[in-house]
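# Fold and geometry: a report
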Number of protein chains: 2
Amino acid sequence: MAFVDIVGYSAGAITSLTFLPQVIKTWKERSARDISLMMFVIAWINEVLWILYGVLLDNWVIILTNSIVLSMSSVMIWFKLRYK
Amino acid sequence: MAFVDIVGYSAGAITSLTFLPQVIKTWKERSARDISLMMFVIAWINEVLWILYGVLLDNWVIILTNSIVLSMSSVMIWFKLRYK
């Protein structure tokens, strides 16, 4: 595998984990007052677009990575509405 | 421009704006207690990797989009350390 591919796959893998620490923190502390709902709504819409892009290109790395981020964005929107 | 390209550019443009509502909210409210520092540290490292990927591919859309997200992640890390 070329260096450029390793960098790309690493970046993709880390992207899918970006929201995880926030999900864990909010789940533990049951508080989301300082969290921007709009950030996760934008992220949610964005992930749907990325998944559509992956489907159109038949690229499973894009589909899988963004499905993980979509699910975490959904959890954060639910947390924000529940815990305020 | 093909439909797939429109979807890709739209997704890229929205990605670069994802953190903006959080930056504005935290700047206004001077409070970042519920924010995960780790989320933005992961995002920061991730953006550096994406920019490296863009440089290696000589792809200015990737470089520009991720430079915007990198700058917003830097601001959020600074806000988190400052406002707690």
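Preceding block: the structure.
Now for a description of the structure that goes with this document. Values in this document were obtained by computation on a predicted structure and should not be read as measured data.

Between chain B and chain A, the superposition needs a rotation of 180° and an axial shift of 0.0 Å, giving an RMSD of 0.0 Å. Viewed as a symmetry operation, the transformation between the two copies matches a two-fold axis. Taking the C-alpha atom as reference, chain B places B:Asp34 closest to the rotation axis, 2.6 Å from it. Mapped onto chain A, 100% of the interface residues of chain B are again interface residues, and the two copies thus contact each other with one and the same surface.

Within the secondary structure, A:Leu64 sits in helix H4 (residues 60-83). Distance from A:Leu64 to A:Pro21, taken between C-alpha atoms, is 19 Å for residues 43 residues apart in sequence.

Once that is clear, we can look at the interface of chain B and chain A. Between chain B and chain A, the contact holds 34 residues from the first and 35 residues from the second. Taken together, the two surfaces of chain B and chain A that pack against each other cover about 3,000 Å², and 70% of this comes from carbon and sulfur. At the boundary of chain B with chain A, the tally comes to zero salt bridges. Contributions of two or more residues to the side of chain B that touches chain A are made by helix H1 (3-17), helix H2 (20-29) and helix H3 (37-57) of chain B. Broken down by element, the side of chain B that touches chain A gets its largest block of residues, twelve residues, from H3(B). Residue composition of the side of chain B that touches chain A, by class: 21 nonpolar, nine polar and four charged.

Each value, and the rule that gives it
Residues numbered from 1 in each chain as written. Chains lettered and ligands numbered in written order. Predicted model: local features only at pLDDT ≥ 70, side-chain atom pairs only at ≥ 80, totals over all residues. Heavy atoms only, no water. Least-squares fit on C-alpha atoms with pLDDT ≥ 70 in both. Contact = heavy atoms within 4.5 Å. Helix = DSSP H or I, 4+ residues; strand = E, 2+ residues; numbered from the N terminus. Buried area = accessible area lost by both parts, 1.4 Å probe. Salt bridge = Lys/Arg side-chain N within 4 Å of Asp/Glu carboxyl O. Nonpolar A, V, L, I, M, F, W, Y, C, P; charged D, E, K, R; others polar.

Note that all results are geometric; they support no functional claim without further evidence.
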